[in-house]
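Architecture and fold: a report
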Amino acid sequence: MWDIFGQALGQPIHQLLGGLSRPSVRVYNTCAGYTYNNRSATRRAVAPGATAGREIGPYDDQVAFVHAADELAQSLLEEGYGAMKIWPFDVFAEKSGGLFISSADLRQALEPFEKVRAAVGDRIEIMCELHSMWNLPTAKRIAAALEPLRPFWAEDPIKMNNVAALREYAMATSIPVCASETMGPLTAFRDLLEAQATAVVMLDLGWCGGISEARKIAALAAAYQRPIAPHDCTGPVCWLPRCICRCTPRTRCTRRSCALPVGYYRDLVTELPLVKDGFAIR
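Scoring rules and cut-offs
Residues numbered from 1 in each chain as written. Predicted model: local features only at pLDDT ≥ 70, side-chain atom pairs only at ≥ 80, totals over all residues. Heavy atoms only, no water. Buried < 20%, exposed > 50% of the residue type's maximum accessible area, 1.4 Å probe, protein only. Helix = DSSP H or I, 4+ residues; strand = E, 2+ residues; numbered from the N terminus. Arc of directions from axis to C-beta. Contact = heavy atoms within 4.5 Å. Axes fitted to C-alpha atoms, helices over the stretch in contact; angles between N-to-C directions. Parallel < 35°, antiparallel > 145°, perpendicular 65-115°, else oblique. Left-handed = near helix turned anticlockwise from the far one by under 90°. Nonpolar A, V, L, I, M, F, W, Y, C, P; charged D, E, K, R; others polar. Salt bridge = Lys/Arg side-chain N within 4 Å of Asp/Glu carboxyl O.

This part takes up helix α5 (residues 69-78). Note that an α-helix has 3.6 residues per turn; residues three or four places apart therefore point the same way. Those residues of α5 that sit buried are Ala69, Leu72, Ala73, Ser75, Leu76 and Leu77. Looking at the residues trailing α5, positive phi occurs at Gly80, about 100°.

So, in C-alpha cells, the structure goes:
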C-alpha cells in the first residue's frame, strides 16, 4: 500500500515518511550461508566434522564462523563491516532441547568468540544470536560465560512469551539484550519496554505489521530511549523497505547477510540497496 501511495504521488516512500534523517545506516553481517533456510543443510554445515572454509561460494559464512571465525572476522573487516552476528550455541540447544548445556559444549560454543577476539581484538563487534532456544537458567549460564568476551548484544536468549523472565535475564547480565524479531504489534513491544527487559528493539517489518506498525514501534522505542535494529531474514521484499531505517534517528544498525543478496534475492528483484564500507547508502 505504501508503494502504491508513493507511485500515485510520484514520491519515494522515505519522503512520505517525513524524509531521511541520515544519508546512510550501519549494517552488520549476519553470518548465514547459502543454505541458511534449509535446516538439514545447515546442520551438516556446522557439524563438528564439516570442512572448514567457504564451501559453496565466497560468502558461506555459517561454515566459516564455526570453523574459521578468526579468518571470517578479518575478511569482514577488509570489506568494511564493523560487526558480525553468530549463533554457535544453537547446535547444543537442539541436542538438549534447550534445557542444559554441558561444560564441554559451553567451551566449544565459546571458541568462535575467542578466535575473533584473538585475531582482531575489539576492531569488530560480535552479536550473539540465541534464537529463543534456551530456558532461563541455562541462558543465564551462557551469558555469564560470554561476558568476558564482550558481545555487542545477546539476541532472543529465551522465548519471547514471558516478559518478566526476560527482565530477570537482562538484570542478571551486563550484556545488552536485543529483542525481538519474533514479536508482533505495538502492544507487545510496549510491554517489553515498560518492563525494561530489552536494551535494543529488533523488529521485522514483515512480521510486526509492515511499515505503518514499524513506525509506531520505532517512535515508542525512542520514548523509552532505546535504539532499534530492524531485522531481515524473510527475503528482499522485506529488505527493500529499510527506508524506515534512515527515516528514524534511533536506528542503531540493520541486519544483512552477505550470502543472500548475491544468491536467491537476485532471482526475485531487479535492484537491491547498495552496501558500501559497512553502510547501506541507498
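With that settled, the discussion passes to helix α9 (residues 163-172). Those residues of α9 not exposed but buried are Ala165, Leu166, Tyr169 and Ala170. Buried residues along α9 cover an arc of 140° about the axis, so they all sit on one side. Seen from the open side of α9, the exposed residues pointing more than 90 degrees away from its buried face are Ala164 and Met171. Here the buried face of α9 lies against α8 (136-146), β4 (153-155), β5 (177-179) and α10 (186-194).

Moving on to the packing of α10 against helix α12 (residues 210-223). The N-to-C vectors of α10 and α12 enclose an angle of 15°; their axes lie 10 Å apart at closest approach. It follows from the interaxial angle that α10 and α12 lie roughly parallel. Judged by the sense of rotation from one axis to the other, the crossing of α10 with α12 is right-handed. Across the interface between the two elements, Leu186, Phe189, Arg190 and Leu193 of α10 pack against Glu213, Lys216, Ile217, Leu220 and Ala221 of α12. Of the residues contributing to the contact of α10 with α12, the split by class is 6 nonpolar, no polar and 3 charged.

Moving on to the pattern of salt bridges. The tally for this structure, following the rule as stated, stands at 9 salt bridges. Notably, a salt bridge pairs Lys85 with Glu155, separated by 2.7 Å at the nearest N-O pair. Of the two residues, Lys85 sits in strand β2 (residues 83-86) while Glu155 sits in strand β4, which places them 70 residues apart along the sequence. As far as burial versus exposure is concerned, Lys85 and Glu155 are alike and both buried. Arg190 is the salt-bridge partner of Asp191, the closest N and O atoms lying 3.3 Å from each other. Among the ionic contacts, a cluster of salt bridges with common partners joins Lys85, Glu129 and Glu155.

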